[in-house]
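A look at the structure
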Amino acid sequence: QVQLVESGGGLVQAGGSLRLSCAASGRTFSSYAMGWFRQAPGKEREIVAAISWRAYSTYYSDSVKGRFTISRDNGKNTVYLQMNSLKPEDTAVYYCAADSNRKGVVTTASEYDHWGQGTQVTVSS
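Notes on the structure in this doc start here. Numbering of residues starts from 1 in each chain and follows the order in which that chain's sequence is written. Given that the model is predicted, a residue must reach a pLDDT of at least 70 before its local features are reported, and side-chain atom pairs must reach 80 or more before they are shown or counted; all residues, however, enter totals for whole chains, interfaces and linings. Just so you know, side-chain values use all the structure's heavy atoms and leave hydrogens and water out.

1. Some remarks on the nonpolar core
Side chains of nonpolar character tend, in soluble globular proteins, to be buried together. Note on terminology: a nonpolar core comprises buried Ala, Val, Leu, Ile, Met, Phe, Trp, Tyr and Cys residues joined through side-chain atoms within 4.5 Å. For every residue, the accessible area obtained with a 1.4 Å probe (protein chains only) is divided by the maximum for its type, and the residue is called buried under 20%, exposed over 50%, and partly exposed between those limits. Within the largest apolar cluster, 29 residues are counted, with the highest numbers of intra-cluster contacts made by M34, W36, V79, L81, M83 and Y94. For this core, the secondary structure elements donating two or more residues are β3 (18-24), β4 (33-39), β5 (46-51), β7 (68-73), β8 (78-83), β9 (92-99) and β11 (119-124). Setting aside its immediate chain neighbours within four residues, M34 contacts L4, C22, F29, A50, I51, I70, R72, V79, C96, A97, A98 and Y112. Ranked by size, the runner-up nonpolar core spans 7 residues in total, among them A33, F37, I47 and Y112. Numbering of helices and strands starts at the N terminus; helices are DSSP runs of H or I of at least 4 residues and strands are runs of E of at least 2. Between two residues, a contact is recorded if the distance between any of their heavy atoms is within 4.5 Å.

What follows is the structure, given as structure tokens:
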């Protein structure tokens with residue numbers, strides 16, 4: 001069983017930066033596809049970024065491309081989301097997800113089988 005714990009959320013002014021971390025338990029983390037999703041109030045959960053098991057491939061939604069960077073350290077069982085040039089519309093609960101069945105980039109929420117509890121990101125204008 002994989003457990004995911006996010007950290008690094010908080011309140012930041014527009015234009016600022018935050019770095020989210022997702023620590024995973026389990027010895028097979030390095031073989032999992034990983035992703036970051038977010039959900040704003042009244043909206044559906046959406047993909048933000050995804051990364052393949054060895055970080056050879058990444059995916060970014062159009063809304064964050066050029067501002068966010070996903071990375072992973074398999075030695076530390078951790079995936080990161082560096083968020084720069086934050087905007088008020090980035091305000092949401094951010095979730096880390098793991099797909100234990102796939103190694104490539106996964107962009108569909110329903111294909112992930114492990115989720116963290118979420119961390120709140122609030123960007124003030």
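2. Considering the environment of P88
On the secondary structure map, P88 appears in the loop between β8 and β9. P88 gets classed as partly exposed once you look at its relative accessible area, which sits at 34%. For the pair P88 and S17, spaced 71 residues apart in sequence, the C-alpha separation works out to 12 Å. If we skip the residues at most four places from it in the chain, P88 touches A14, V123 and S125.

3. Things to note about the pairing of β5
Burial runs high along β5: 5 of the 6 residues are buried. Taking the residues between adjacent antiparallel strands as the criterion, β4 and β5 are bridged by 6 residues, where G42 takes a positive phi near 80 degrees. At least two DSSP bridges between two strands are required for those strands to pair.

4. Section: the pattern of salt bridges
When a carboxyl oxygen of Asp or Glu is within 4 Å of a side-chain nitrogen of Lys or Arg, the pair counts as a salt bridge. Going through the model one piece at a time under the given rule, you end up with 6 salt bridges. Two residues, E46 and R38, come together in a salt bridge whose shortest N-O distance is 2.7 Å. R38 sits in the buried class, given a relative accessible area of 5%. Residue D99 is joined to R102 by a salt bridge in which the shortest nitrogen-to-oxygen separation is 3.0 Å. On the basis of relative accessible area, D99 is assigned to the buried category, the value being 0%. Look at R102 and you get partly exposed, because its relative accessible area is 35%. A single salt-bridge network, built from bridges that share partners, covers R38, E46, R67 and D90.

5. Here we look at the side chain of T78
Tracing the sequence through the fold places T78 in strand β8. Take T78: its relative accessible area is 10%, and that puts it in the buried class. Two N or O atoms form a polar contact when they lie within 3.5 Å of each other; inside protein one atom must be a possible hydrogen donor and the other a possible acceptor, and for residues adjacent in sequence the pair counts only when both atoms belong to side chains. At 2.8 Å, the side chain of T78 forms a polar contact with the backbone oxygen of K76. When sequence neighbours within four positions are dropped, the list of residues in contact with T78 reads S21, C22, A23, F29, R72 and D73.

Fair warning: the whole summary comes from geometry, so function is off the table for now.
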